[in-house]
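Topology and contacts: notes
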Amino acid sequence: MSGSLFLQLLVNGLIVGMLYGVVAMCFVLIYKSTQVVNFAQGEFLLIGAWTCWWLVVDAGLPFWFGFPLTFLFMLAFGVALQMVVLRPLIGEPIISVIMVTIGLSIFFQAITKWIFGADVEPFPEIFPVKSVDIFGLQVQPAYLMSLVVSIAIMIGFAWFFKYSRMGLAMRATAFNQQVAQSLGISVKAVFATAWAISAMVSALAGVVVGMVNGVSGALSFFGIKVFPAVIVGGLDSIVGAIVGGLIIGVLENMAEYVDGQWLQIGNLYTVAPFYVLIVILMVKPYGLFGTKKIERV
Amino acid sequence: MGEAALKLAAADEPILSVNNIEVVYNDVILVLRGVSLDVPQGKVVTLLGPNGAGKSTTLKAISGLLGTEDGEVTRGSITFMGEEIANRSPEEIVRRGIFQVMEGRRIVEDMTCLENLRLGAFTRRDGAAAIRRDIDMVYNYFPRLKERTGLAGYLSGGEQQMLAIGRALMARPKLILLDEPSMGLSPLLVKEVFGIIEQVCRDLGVTILLVEQNARMALKVADFGYIMESGKIVLDGAKDDLVNNEDVKEFYLGGDKERKSFKNLKSYKRRKRWL
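Residues numbered from 1 in each chain as written. Chains lettered and ligands numbered in written order. Predicted model: local features only at pLDDT ≥ 70, side-chain atom pairs only at ≥ 80, totals over all residues. Heavy atoms only, no water.

What follows deals with unusual backbone geometry. Residue and element names in this part refer to chain B. Although it is not a glycine, Asp27 adopts a positive phi angle of roughly 65 degrees. Relative accessible area serves as the criterion here: at 67%, Asp27 is assigned to the exposed category. Its identity is not glycine, yet Asn87 carries a phi of approximately 65 degrees, on the positive side. Its location among the elements puts Asn87 in the loop between strand S5 (83–84) and helix H3 (90–96). Of the residues examined, Asn87 reaches a relative accessible area of 45% and is grouped as partly exposed. (Buried < 20%, exposed > 50% of the residue type's maximum accessible area, 1.4 Å probe, protein only. Helix = DSSP H or I, 4+ residues; strand = E, 2+ residues; numbered from the N terminus.)

Take a look at the structure:
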């Protein structure tokens, strides 16, 4: 029994970890291309999930219509946020920018509570709740979908950065803004695109998590969980973000297993990632995949 | 205007014309004090001068990159193909056909050669097929870039310079601003790079404004030259006029057989009346 529980938790960990990875990627995207540490990343999930929930439940739109609409909204939201709030801060000290994103995070949490209330609201049933049996493991269809979505997003990101014109422009901007400008790249457009993509993809993750756990302010905790993932992976590595996400996801579930089986401390899983974060940073201060600067000697 | 510049103006309308510009950094530091120069279509023009004379600043004023360093053209005008471009954004200026290859090459180190070349074509809208053709063209000029599949940061200095020039060609510019292509290269490589610059200029009809410390090399490939000191143009002329000018020989080309005594340094001060 405990063996299969272990396996079940491992699979859960990987699935949740993939989602962490996706959100971590969004965080890294903003950090890499605009040098902003976005403490409001979790609130993107929150806003995305509430928007979708409102469109589907209150406005009564069918899910397959409300969902793309959520995307459009988040696109506009990301661009507007960058243009109105972050653009005037370009060139300001990093600490000011961090304070602003922390402020945004509190602001968005409060305003969603004000509009939608503090209770957990379930999503209407879009996928059957009944778990399906895969190789003897019970997996919820929504989780399965989230796995598919996560992998699709990751492949999408890989393609985007390797082959698309805008993706290359973003990498050039991340490397050096002056160089990017000398190539005719509009840094403003790159910044706005980075925030828009980050907001959209985070919202997608928010909707997926909302479908499983219901929509509530707790969604923004996802943003906090993403920090250990991102830092473990190295702040500026997309691959690192995915691996970091998986590590944190699995770790959480392993901590819960160990806790449940032997320690009985309770809630160990919420703190375990942070302990590991400290240990990893002591050994590898730039994270597992942090950029090594190329130096020719 | 010098005699040569007058001759130029008579020949045909210059593609780029900088008129008496003044550049100020951070609202207070005056760097260029009335610089004027003309670049005729399809020619190589070189801008020579000692460190800190304002050569790179002149290029950045043209390419618009000045804005990224808190600089501004406060007086005068820069016209490119008849239109005013002073203080425009760098992306607009690239779209208009001016591409600056910055000092120190500045390739994107964590990308491959191919990705760097594709980046050069960022502003182009004429389709993937045309871009692929131009990548082949660049590989034709620089065959050794084709063999390098790793990250551009691991290329040798010469290869990086070739990549930087190739990347500029990918934008299909009308005017390339080259800032010290010889920096950090061995004499042999300098020769090779300059040979290719000459060839490119001839083959593609690209106009080049070249900033150099290596005056000898620059005057070899250039049609016209300007000499800059302390934020001003102090001398200009056609290649041959400059090469045969006594002052240029003494201060920029060197190579006199006999050693100069310190007494003769006075002559340098005298020549400073240029300013």
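Additional details are given in the paragraphs that follow.
Here the focus is the environment of Ser182 of chain B. Residues and elements named next belong to chain B. The residue Ser182 is located in the loop between strand S7 (175–179) and helix H8 (187–204) in this model. For Ser182, a relative accessible area of 12% translates into the label buried. Separated by 78 residues in sequence, Ser182 and Gly104 have C-alpha atoms that sit 9.3 Å apart. In this view, Ser182 contacts Val190, Phe194, Glu212 and Asn214; residues no more than four positions away in its chain are not counted. (Contact = heavy atoms within 4.5 Å.)

This part takes up the pattern of salt bridges. Applying the stated rule across the entire model yields 13 salt bridges over all chains. Here Glu115 of chain B and Arg171 of chain A are joined by a salt bridge, their closest N and O atoms 3.0 Å apart. Residue Glu115 of chain B is found in helix H4 (residues 113–120), and its partner Arg171 of chain A is found in helix H6 (residues 165–175); the two belong to separate chains. With relative accessibility at 3%, the residue Glu115 of chain B sits in the buried group. Residue Lys60 of chain B pairs with Glu69 of chain B through a salt bridge whose shortest N-O separation is 3.1 Å. (Salt bridge = Lys/Arg side-chain N within 4 Å of Asp/Glu carboxyl O.)

Below, the discussion takes up the sheet that holds strand S6 (residues 98–101) of chain B. Residues and elements named next belong to chain B. The mixed open sheet is built from 6 strands, whose spatial order is S6-S7-S8-S3-S9-S10. The open sheet has two edge strands with one neighbour each: S6 and strand S10 (232–238). The average angle at which neighbouring strand axes cross in this sheet is 15 degrees, direction not considered. Two elements, S6 and S7, share 4 bridges in a ladder whose sense is parallel. Each residue of the ladder has a partner; that of Gln100, found in S7, is Leu177. In this fold helix H2 (residues 55–63) packs onto strand S3 (44–48), S6, S7, strand S8 (207–212) and strand S9 (224–229), with an angle of close to 150 degrees to the strand it touches most, S7. (Pairing = 2+ DSSP bridges. Axes fitted to C-alpha atoms, helices over the stretch in contact; angles between N-to-C directions.)

Residue-level contacts link 32 residues of chain B with 20 residues of chain A. Carbon and sulfur atoms make up 55% of the surface buried where chain B meets chain A, a total of about 2,500 Å² over both sides. Joining chain B to chain A, the criterion identifies 2 salt bridges. Our count for the chain B to chain A interface comes out at 7 residue pairs in polar contact (both at pLDDT 80 or more). Breaking the side of chain B that touches chain A down by element, the ones donating at least two residues are H3, S6, H4 and helix H7 (157–170) of chain B. Ranked by residues supplied to the side of chain B that touches chain A, first place goes to H3 of chain B with 4 residues. Grouping the amino acids of the side of chain B that touches chain A by side-chain chemistry returns 13 nonpolar, 7 polar and 12 charged. (Buried area = accessible area lost by both parts, 1.4 Å probe. Polar contact = N/O pair within 3.5 Å; in protein donor to acceptor, adjacent residues only side chain to side chain. Nonpolar A, V, L, I, M, F, W, Y, C, P; charged D, E, K, R; others polar.)

All names here are of chain B. For strand S1 (residues 16–25), a buried count of 8 out of 10 residues is recorded, marking the element as mostly surrounded by other parts of the structure. Pairing of S1 with strand S4 (residues 71–80), which is carried by 8 bridges, proceeds in the antiparallel orientation. Along S4, the bridge assignment pairs Leu16 with Phe80. Between S1 and strand S2 (residues 29–39), which pair antiparallel and follow one another directly, the connecting turn spans 3 residues, one of which, Asn26, has a positive phi of 50 degrees.

Another aspect to go through is the nonpolar core. Phe157 and Ile185 of chain A are the most contacted members of the largest nonpolar core, which totals 129 residues. Here this core takes 13 residues from helix H1 (residues 2–34) of chain A, the largest share from any one element. The residues touching Phe157 of chain A, leaving out its near neighbours within four places in the chain, are Met25, Leu29, Ile197, Val201 and Ile238 of chain A. Counting 33 residues, the second-largest nonpolar core is a separate cluster that includes Leu47, Ala61, Val73 and Ile78 of chain B. (Core = buried A, V, L, I, M, F, W, Y, C linked by side-chain atoms within 4.5 Å.)

What follows covers the environment of Glu103 of chain B. Residues and elements named next belong to chain B. Within the secondary structure, Glu103 is located in the loop between S6 and H4. Note on Glu103: relative accessible area 33%, which makes it partly exposed. For the pair formed by Glu103 and Phe80, sequence separation is 23 residues and the distance between their alpha carbons is 22 Å.

As enumerated under the stated definition, the model contains 0 disulfides over all chains in all. Not engaged in a disulfide, the cysteine Cys26 of chain A finds its nearest cysteine sulfur in Cys52 of chain A; these two sulfurs lie 16 Å apart. (Disulfide = S-S within 2.5 Å.)

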